[in-house]
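Listed below, chain by chain, are the residues.
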Amino acid sequence: MHLALSSASSQAVWVLLDDEYNLIDSRQGISEDQSLMSTQLGLLMDDLLLANSIHLNKIKSLGVVTGPGAFTGLRMGVSFAEGLCMVQKIKKIPIPSFLLVGKAFIMPLRHTKAPVLSPEQYAAEGFESLLIKSAIEFETILEIPAGIEHRGYLDSYPWPTNTELAAAFKNASKESV
């Protein structure tokens, strides 16, 4: 069994995968105040494991999104994963944000404002967004270019979905062997 965690946006996402990296189940929680995410991480993981009758000693590896993304969320997620892996002796696998989508996308840098604003409103308020072009190329932007997928704004696709996180973890696991 494997677990993967993303806390790179205003939502925390956990996925549980079998030994062949097939998605079994997931949990997610959205927090307008990222400082509250720290309490959600453990509760969501516990709920996911309990609902599937899985004990932590059955987890072989834990994937964690390492960014780029919301600094506070990433810091909490990576710290949580680091502590869990150290105590439980679980292999930790980093997941770059670009692996979550596999193509260029835009995400907000001020995650407390983004869920209530469209990308255009968000930019008009002067908030920066992050244009992720590849696994190693990204930049901050003030204008939202047309034709690039948006993640994490009002009425946009949540970031990441449970299937995206599961697929990214599978790919990151292959690279870490």
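Residues numbered from 1 in each chain as written. Predicted model: local features only at pLDDT ≥ 70, side-chain atom pairs only at ≥ 80, totals over all residues. Heavy atoms only, no water.

J.: Would you mind showing me how to read helix H2 (residues 71–88) here?
T.: The α-helix advances 3.6 residues per turn, and as a result positions three or four apart in sequence lie on the same side. Between the first and last C-alpha of H2 there are 25 Å, a value that for 18 residues agrees with the 26 Å anticipated at 1.5 Å per step. Buried residues of H2: Gly73, Leu74, Met76, Gly77, Ala81, Leu84 and Cys85, and no others. Buried positions in H2, seen along its axis, are confined to an arc of 165 degrees and lie on one side of it. Every exposed residue of H2 that faces more than 90 degrees away from the buried side is listed here: Phe71, Met86 and Val87. Here the buried face of H2 lies against strand E1 (2–6), helix H1 (37–51), strand E4 (61–67) and strand E5 (91–96). (Helix = DSSP H or I, 4+ residues; strand = E, 2+ residues; numbered from the N terminus. Expected span 1.5 Å × (residues − 1). Buried < 20%, exposed > 50% of the residue type's maximum accessible area, 1.4 Å probe, protein only. Arc of directions from axis to C-beta. Contact = heavy atoms within 4.5 Å.)

J.: Looking at this structure, I do not really get the packing of H1 against H2. What am I missing?
T.: How two helices pack is summed up by the angle between their axes together with the distance between the axes. Contact pair H1 / H2: the axes reach a minimum separation of 10 Å and the direction vectors enclose 45 degrees. Relative to H2, H1 is oriented oblique. Regarding H1 and H2, the two cross each other, and that crossing is right-handed. Every residue of H2 that contacts H1 at Met37, Ser38, Leu41, Gly42 and Met45 is listed here: Gly73, Met76, Gly77, Phe80 and Leu84. (Axes fitted to C-alpha atoms, helices over the stretch in contact; angles between N-to-C directions. Parallel < 35°, antiparallel > 145°, perpendicular 65-115°, else oblique. Left-handed = near helix turned anticlockwise from the far one by under 90°.)

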